[in-house]
Amino acid sequence: MIRNFRRENRCDVGAFWGAAQTVTGSKFLVEQSGVCALVDCGLFQGAREWKNRNWNEFPVDPARIDCVVLTHAHIDHSGYLPRLRKLGFRGPVYCTPATAELLALLLPDSGRLQEEDAAYANKKQYTQHTPALPLYMEWEARETLQQLRPVDFYASLELAPGLAFSFKRAGHILGSAMIEWKTGGRIFVFSGDLGRPAQFITRKPDDIERADCLILESTYGDRLHQQIDVRRRLMEIVQQTASAGGMLLIPAFAIGRTQELLFLLRKLEEDKQIPQLPVYIDSPMAIHALPIYNRRSIDASAELQQLAHFDSTPFVCHHIKALKTVEESKQLNDITYPAIVISSSGMATGGRILHHLKRRITDHRNTILFIGFQAHGTKGRFLVDGAKEIRIHGKIYTVRAQIEYLDALSCHADYNEILTWLSSVKSSPEIFLVHGEQGAGASLAQKIQDRYGWNVTVPAYGQTAHL
Ligand SMILES: [Zn+2]
């Protein structure tokens, strides 16, 4: 499917330095009109072969990059920023206002997690390298926040004469945007992560009428979401776990999924469809994000649906408890009554969820519920694929807990939803498919060609396109 798209008669360059045939590490280097910009600056996550790329020498001198433009706050789109700064980047980082608010939580948390993981690896001596080092520290992540420059949705920002961009709504999480990049009379659109037309709290993605080039995500390029009643299935899972006397452990991205999930749980409680169990949010970041979500859910112009009719705290279950410290998190180990624990990371690649998995996964009364995309090589993927045992922190655990996968709670469009969204495009864009695993991109490319007849490319890591 990869074809040579080098066209020497064009001078603009785009290079795919992440999310090329994988779903993490989004980074696209764009050199146009004398400006060197990086679109998204994500961390590679998941299997070691990907994570090791975070340590690679950056393909250009970071000090040479004029600016970074971010589609949204998720770490696989933003988490390399502190590293880029550490390597010399000092330019502005443009993002939507809500993304800037969320990054103030996410980036320091990412630094703290890396420090914790490195310290734990050193303590337990399961590291390949001695000593294990964090990619960056929490304080370095905090310094990076000074470079954020919020730009409102739909406002045009000129980077150079004839080169401007604006943000449109992507409908993925709070603050998520597509980037409409205009230069020399042409329009490039970076979809970022594309949301779904019908979510519980996030509004649907904006249509785009014209694009000459579209850099499009393909996470679900070869898959459709489960066609099920999400509310009903979640209700059943909570009921079953509660009657078994077990714990419902939900690995969730702290930003986005956790809030959709809390909203659903609260609704189920209100409608008396589930018992009012203790709900532990074991993620300081998810807790701190709640006021941001609350505030923006009552603003009609924001990217969230209006939830104010519900009440002023649509994300707060009746017996919710926010765990802020590691000590509080450890105390969950002693709980023997039915409860719900929501903890990141969503693919069980790191963070506190690993400690809860070790404690709960060997007991058949417990349920582990995955609610978003699970990338190849992650513990989440192994478990939803039916692994009978799992290695955590160097030790093997037998899987006896019930493993459930509620993929329909995903915040990525599936291929039908992408194809429908593309129907609003009146031009015939050249398409580059990114942010999809091998197979997903190729599959979606074929579908787009069959339906629309457009040129589609699935670029490889580090490949350069003269657009
Ligand atoms: Zn995302």
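Residues numbered from 1 in each chain as written. Predicted model: local features only at pLDDT ≥ 70, side-chain atom pairs only at ≥ 80, totals over all residues. Heavy atoms only, no water.

## A word on the packing of aromatic side chains
Next up, step 1: In total, this model carries 14 aromatic pairs according to the counting rule given.
Next up, step 2: Look at F16 and F432: their rings are 5.6 Å apart centre to centre, the planes differ by 35 degrees, and that puts the pair in the tilted class. With F16 in strand β1 (residues 13–16) and F432 in strand β20 (residues 430–434), the pair connects residues that are 416 residues apart, well separated along the chain.
Next up, step 3: Take F16: its relative accessible area is 4%, and that puts it in the buried class.
Next up, step 4: Relative to F165, the ring of Y94 lies with its centre 5.7 Å away and its plane at 50 degrees, an arrangement referred to as tilted. Of this pair, Y94 sits in strand β5 (residues 93–95) while F165 sits in strand β8 (residues 163–169), and the two are 71 residues apart along the sequence.
Next up, step 5: Y94 sits in the buried class, given a relative accessible area of 14%.
Next up, step 6: One aromatic cluster in this structure is built from F16, F28, Y94, F165, F167, W181, F190 and F432.
Next up, step 7: Here the basic side chain of R223 rests over the ring of Y220, its NZ or CZ set 5.6 Å away from the ring centre. (Phe/Tyr/Trp six-rings, centres within 6.5 Å; stacked < 30°, edge-to-face > 60°. Helix = DSSP H or I, 4+ residues; strand = E, 2+ residues; numbered from the N terminus. Buried < 20%, exposed > 50% of the residue type's maximum accessible area, 1.4 Å probe, protein only. Lys NZ or Arg CZ within 6 Å of the ring centre and 35° of its normal.)

## Brief notes about the sheet that holds strand β10 (residues 186–190)
Next up, step 1: Read across the open sheet, the 7 strands follow the order β7-β8-β9-β10-β11-β20-β21; overall the sheet is mixed. Only two strands of the sheet have a single neighbouring strand rather than two, namely β7 (157–160) and β21 (456–457).
Next up, step 2: Bridge count for strand β9 (residues 177–183) against β10 is 5 bridges, and the pairing is antiparallel. Pairing of T183 across the sheet is with R186, part of β10.
Next up, step 3: Contacts from helix α12 (residues 415–422) reach β9 and β11 (213–217), with the element oriented near 160 degrees to β11. (Pairing = 2+ DSSP bridges. Contact = heavy atoms within 4.5 Å. Axes fitted to C-alpha atoms, helices over the stretch in contact; angles between N-to-C directions.)

## Here we look at the coordination of the zinc ion
Next up, step 1: Here the zinc ion is held by the protein donor atoms H72 (NE2), H74 (ND1), H172 (NE2) and D193 (OD), which lie 2.2 to 2.3 Å from it.
Next up, step 2: Seen from the zinc ion, its 4 donor atoms lie at angles of 91 to 168 degrees, and the figure they make is irregular.
Next up, step 3: Every donor residue of the zinc ion comes from the same chain, spaced as H-x1-H-x97-H-x20-D. Linking H72 in the loop between β4 (67–69) and α2 (75–78) with H172 in the loop between β8 and β9, this pair joins segments that are 100 residues apart in sequence.
Next up, step 4: Looking at H172, the relative accessible area reads 0%, which means it is buried. (Donors = N, O, S within 2.8 Å, 3.2 Å for Na, K, Ca; no water. Tetrahedral: all angles 85-135°; square planar, octahedral: opposite > 155°, others 65-115°.)

## Considering the environment of G18
Next up, step 1: Relative to the assigned elements, G18 resides in the loop between β1 and β2 (28–32).
Next up, step 2: C-alpha of G18 to C-alpha of A98: the two residues are 80 residues apart in sequence and 24 Å apart in space.
Next up, step 3: The residues contacting G18, other than those within four sequence positions of it, are T24, G25, S26, K27, F28, F44 and Y461.

## What to know about the sheet that holds strand β15 (residues 339–343)
Remark on secondary structure: sheet strands pair via backbone hydrogen bonds, oriented parallel or antiparallel.
Next up, step 1: With respect to topology, 6 strands assemble into an open sheet ordered β14-β13-β15-β12-β16-β19, the strand pairing being parallel. Strands at the two margins of the open sheet, each flanked by one partner only, are β14 (319–322) and β19 (402–405). On average, each strand axis in the sheet is inclined to that of its neighbour by 20 degrees, with strand direction left out of account.
Next up, step 2: When strand β16 (residues 367–370) meets β19, the two strands line up parallel, connected through 4 bridges. Bridged to T367 within β19 is Q402.
Next up, step 3: Packed onto the sheet, helix α10 (residues 353–360) meets β12 (247–251), β13 (278–282), β15 and β16 and runs at close to 150 degrees relative to β12.

## A few points about the packing of α12 against helix α13 (residues 440–452)
Next up, step 1: For the pair α12 and α13, interaxial distance at closest approach is 11 Å and the crossing angle is 40 degrees. The two elements α12 and α13 meet at a crossing, and its hand is right-handed. Counted together, Y415, I418, L419 and L422 of α12 and L444, K447, I448, R451 and Y452 of α13 form the full contact between these two elements.
Next up, step 2: Residue composition of the contact of α12 with α13, by class: 7 nonpolar, no polar and 2 charged. (Left-handed = near helix turned anticlockwise from the far one by under 90°. Nonpolar A, V, L, I, M, F, W, Y, C, P; charged D, E, K, R; others polar.)

## Notes on α13
Next up, step 1: Taking 1.5 Å of rise per residue, the 13 residues of α13 would be expected to cover 18 Å, and the 18 Å separating its terminal C-alpha atoms lies within 8% of that figure.
Next up, step 2: Taken together, the buried positions of α13 are A440, G441, L444, A445 and I448. Axial view of α13: buried residues confined to an arc of 130 degrees, hence all on one face.
Next up, step 3: Close packing links the buried residues of α13 with β11, α12, β20 and β21.
Next up, step 4: Residue G453 follows α13 closely and has a positive phi angle near 75 degrees. (Expected span 1.5 Å × (residues − 1). Arc of directions from axis to C-beta.)

## Thoughts on unusual backbone geometry
For residues other than glycine, phi is negative in most cases, and the peptide bonds are mostly trans.
Next up, step 1: S344 connects to S345 through a cis peptide bond whose omega is 15 degrees.
Next up, step 2: Considering the arrangement of structural elements, one finds S345 in the loop between β15 and α10.
Next up, step 3: The backbone of Y154 shows a phi angle near 75 degrees, a positive value even though the residue is not glycine.
Next up, step 4: By the element assignment, Y154 lies in the loop between β6 (148–150) and β7.
Next up, step 5: Although it is not a glycine, H393 sits at a positive phi angle of roughly 50 degrees.
Next up, step 6: Mapped onto the elements, H393 comes out in the loop between β17 (389–392) and β18 (395–398).

## Details of the state of the cysteines
Next up, step 1: A full pass over the atoms with the stated rule returns 0 disulfides.
Next up, step 2: Cysteine C67 shares no disulfide, and the gap to the nearest cysteine sulfur, in C36, comes to 8.5 Å. (Disulfide = S-S within 2.5 Å.)

## Section: helix α7 (residues 257–270)
Next up, step 1: In this model, α7 (14 residues) spans 20 Å end to end at C-alpha, consistent with the 20 Å of a helix rising 1.5 Å per residue.
Next up, step 2: Listed in full, the buried residues belonging to α7 are R257, T258, Q259, E260, L261, L262, F263, L264, L265, R266, L268 and E269.
Next up, step 3: Buried residues along α7 sit in contact with α6 (230–244), β12, β13, α8 (284–297), β14 and β15.
Next up, step 4: The positive-phi residue at the C-terminal boundary of α7 is K272, with phi of around 55 degrees.

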